[in-house]
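Listed here are the chains, written in short residue letters.
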2 protein chains.
Amino acid sequence: MTTATLEREAQSRLAAYGVRFTRGRRAVVLALAEAQGPRTVAELAEVLGPSVPVSSLYRTLTVLEESGVVVPHYGTRGLTRYELAEWATGHHHHLVCIECGTVDDLEIPEGLEQRVEAVVEELADDQGFEPAGHSLEIEGRCRSCH
Amino acid sequence: MTTATLEREAQSRLAAYGVRFTRGRRAVVLALAEAQGPRTVAELAEVLGPSVPVSSLYRTLTVLEESGVVVPHYGTRGLTRYELAEWATGHHHHLVCIECGTVDDLEIPEGLEQRVEAVVEELADDQGFEPAGHSLEIEGRCRSCH
DNA sequence: CTCAATAACGATACTCATTCTCATTCAGTA
DNA sequence: TACTGAATGAGAATGAGTATCGTTATTGAG
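Reference entry: report on the structure contained in this document. Everything numeric in this text was worked out from a predicted model, so none of it was measured.

**Focus: the interface of chain A and chain B**
Counting residues at the interface gives 40 residues for chain A, matched by 40 residues for chain B. Both faces combined, the contact of chain A with chain B buries some 3,300 Å², and carbon together with sulfur accounts for 58% of it. Between the two partners, chain A and chain B, sit four salt bridges. Between A:Arg77 and B:Glu65 there is a salt bridge, with its nearest N and O atoms 3.3 Å apart. Our count for the chain A to chain B interface comes out at twelve residue pairs in polar contact (both at pLDDT 80 or more). Looking at the side of chain A that touches chain B, the elements that each hand over two or more residues are strand 2 (70-76), strand 3 (79-84), helix 6 (110-127) and strand 6 (133-140) of chain A. The element contributing the most residues to the side of chain A that touches chain B is helix 6 of chain A, with ten residues. Its residues assigned to classes, the side of chain A that touches chain B comprises 19 nonpolar, ten polar and eleven charged. As defined by bridge partners, strand 6 of chain A adjoins strand 6 (residues 133-140) of chain B across seven bridges and the pair is classed as antiparallel. Counted as the bridge partner of A:Leu136 is B:Leu136 from strand 6 of chain B.

Written as structure tokens, this is what we have:
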């Protein structure tokens, strides 16, 4: 997805939610687009510098989450990470490093994804609930920690 | 697994780690054995009452985690939940309620689990890392929130 | 273009889960 | 029973995240 398309889509979602696509919100969306996985507020603050103060960063991420532009991720101790929603990144899973705690996106080939979805569907049938989503986290060692 | 077996195994793991299996630690292990899914400190404190003060509860859970008796779970906003490790509960996955945030254990039939593991293995081959574990979280609505 | 009206912002105070500290108590051993 | 290190409990400290509130920026009406 191009940056222009990403911005157009993000703006459209924010508009549907009834808020503006401001400079600060654009900066956060673009920073997340650069990232290879979910990012903490601290990591984003590092990238963005003082142009987006921390208090605004928290509020911006809340707005972006509520309008469906980003989704939160809670895979590591005590920290909330954010990433662009699947309409922007495509469906993917995560590799959580058991050594350093970083989280990387993990592209999953279509065939494998279909098999995961089939399992989720069968589980849903078994247990009598309707699944709204799923996530497969794989714990291992990232390239830096090998 | 019977309570006696659970206690024996827990004691053995704590001994291997070089610490004692005290009254407070036993109480926490038994409380987690009663639970149907990962529990927060607040939830455990509610069940245990004042016999295990909160500061001890945190420390106890840390010791139990380091000795391999319990594992942490970070699936919901801002809260760490703990559950007995898989040697006690067997391998399982989680249903995270998108309504109320509770997390329930989800037993997965052997056949389905094998298919999940096959996918994880293939992903590992593709990406060139060795997986240490995996978790499949299904987001949906729990029975209370239907 | 100017002026409200309202959305967004930024600094700071605050909350609350979790961790740390330290004095006290307990369990195991001589 | 007395000694020694482990374990405990109460409360202080930390830090991520939230709420508040005065200021600034954007939008739309005239």
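**Some points on the packing of aromatic side chains**
Within this structure, the stated rule accounts for zero aromatic pairs over all chains. The ring of B:Trp87 has B:Arg13 lying over it, and the distance from NZ or CZ to the ring centre is 4.1 Å.

**Observations concerning the protein's contact with DNA strand C**
In the region of DNA strand C, 14 residues are neighbours, and A:Arg20, A:Thr22, A:Ser56, A:Arg59 and B:Tyr58 sit closest. Those atoms of DNA strand C that come within 4 Å of the protein belong to sugar or phosphate at a rate of 69%. Broken down by secondary-structure element, the contributors of at least two residues to the surface near DNA strand C are helix 4 (54-66) of chain A together with strand 3 (79-84) of chain B. Tallying contributions element by element places helix 4 of chain A first for the surface near DNA strand C, with three residues. Here the surface near DNA strand C is composed, by residue class, of four nonpolar, five polar and five charged.

**Considerations on the sheet that holds strand 1 (residues 39-40) of chain B**
Residues and elements named next belong to chain B. Reading across from one edge, 1-3-2 is the order of the three strands in this open sheet, with antiparallel pairing throughout. Taken across any chain shown, the strands that pair with only one partner, and hence form the sheet edges, are strand 1 and strand 2 (70-76). Across two bridges, strand 1 lies against strand 3 in antiparallel orientation. Within strand 3, the residue paired with arginine 39 across the bridge is tyrosine 82. Strands in contact with helix 2 (residues 23-34) are strand 1, strand 2 and strand 3; relative to strand 3, the strand with the most contacts, it is inclined by about 90°.

**Remarks on helix 1 (residues 3-17) of chain A**
Residues and elements named next belong to chain A. Between its terminal C-alpha atoms helix 1 stretches 21 Å, which fits the 21 Å expected from 15 residues at 1.5 Å a residue. Those residues of helix 1 not exposed but buried are Leu6, Glu7, Ala10 and Leu14. Summarising the axial view, the buried residues of helix 1 lie within an arc of 95°, below the 170-degree limit, and thus occupy one face. Along helix 1, the residues that are exposed and aim more than 90 degrees away from the buried face are Arg8 and Ala16. Considering only its buried residues, helix 1 is in contact with helix 2 (23-34), helix 4, strand 3 and helix 5 (86-89). Of the residues trailing helix 1, glycine 18 is marked for its positive phi of about 90°.

**A look at the protein's contact with DNA strand D**
Taken together, 14 residues surround DNA strand D, and among them A:Thr80, B:Arg20, B:Thr22, B:Ser56 and B:Arg59 come closest. Sugar and phosphate atoms represent 64% of those atoms of DNA strand D found within 4 Å of the protein. A distance of 2.7 Å separates a phosphate oxygen of DNA strand D from a polar atom in the side chain of B:Thr22. At 3.0 Å from a phosphate oxygen of DNA strand D is found a side-chain nitrogen or oxygen belonging to B:Arg25.

**Topic: the pairing of strand 4 (residues 93-97) of chain A**
Residue and element names in this part refer to chain A. Extensive coverage of strand 4 is indicated by the burial of five of its five residues. One ladder, built from four bridges, connects strand 4 with strand 5 (residues 103-106); its direction is antiparallel. Along strand 5, the bridge assignment pairs valine 96 with valine 103. Counting the residues in the hairpin turn of strand 4 and strand 5 gives five residues, including glycine 101, whose phi is positive at 85°. Taken together, the four bridges between strand 4 and strand 6 define a ladder with parallel strand orientation. From the neighbouring strand, leucine 95 faces strand 6, where its bridge partner is isoleucine 138.

Calculation rules
Starting from 1, residues in each chain are numbered consecutively following that chain's sequence as written. Think of it this way: whatever chain is written first is A, whatever ligand is written first is 1, and the rest follow in order. Whole-chain, interface and lining totals are the exception, using all residues; otherwise, since this is a predicted model, local features are given only for residues with pLDDT of at least 70 and side-chain atom pairs are given and counted only at 80 or more. The side-chain quantities take in all heavy atoms of the structure and omit both hydrogens and water. Every residue pair with non-hydrogen atoms within 4.5 Å of one another is taken to be in contact. Here the quantity called buried area is the accessible surface, traced with a 1.4 Å probe, that two parts lose on coming together, added over both. Counted as salt bridges are all cases of a side-chain nitrogen of Lys or Arg within 4 Å of a carboxyl oxygen of Asp or Glu. Each polar contact in these results corresponds to two N or O atoms within 3.5 Å; when the atoms are within protein, one needs to be able to donate a hydrogen and the other to accept it, and residues that are neighboring in sequence are counted only if both atoms are side-chain atoms. Runs of H or I in DSSP of at least four residues are treated as helices and runs of E of at least two as strands, each being numbered from the N terminus. Residue polarity follows a fixed list, in which Ala, Val, Leu, Ile, Met, Phe, Trp, Tyr, Cys and Pro are nonpolar, Asp, Glu, Lys and Arg are charged, and the others, Gly among them, are polar. Here, a strand pair is defined by DSSP locating no fewer than two bridges between the strands. Pairing of aromatic rings covers Phe, Tyr and the six-membered ring of Trp, with a centre-to-centre limit of 6.5 Å; geometry is then stacked below 30 degrees between planes, edge-to-face above 60, and tilted otherwise. Geometrically, a lysine NZ or arginine CZ counts as sitting over a ring once it is within 6 Å of the ring centre and also within 35 degrees of the ring normal. By convention in these notes, a residue is near a molecule or strand provided one of its non-hydrogen atoms lies within 4 Å of it. Axis lines are fitted through C-alpha atoms, for helices just across the contact stretch, and the angle between N-to-C directions can take any value from 0 to 180 degrees. Helix span is expected to be 1.5 Å times the residue number reduced by one. Accessible area is worked out with a 1.4 Å probe on protein chains only. A residue is then buried under 20% of its type maximum, exposed over 50%, and partly exposed in between. In this description, one arc is meant: the one made by directions from the helix axis to the C-beta atoms.

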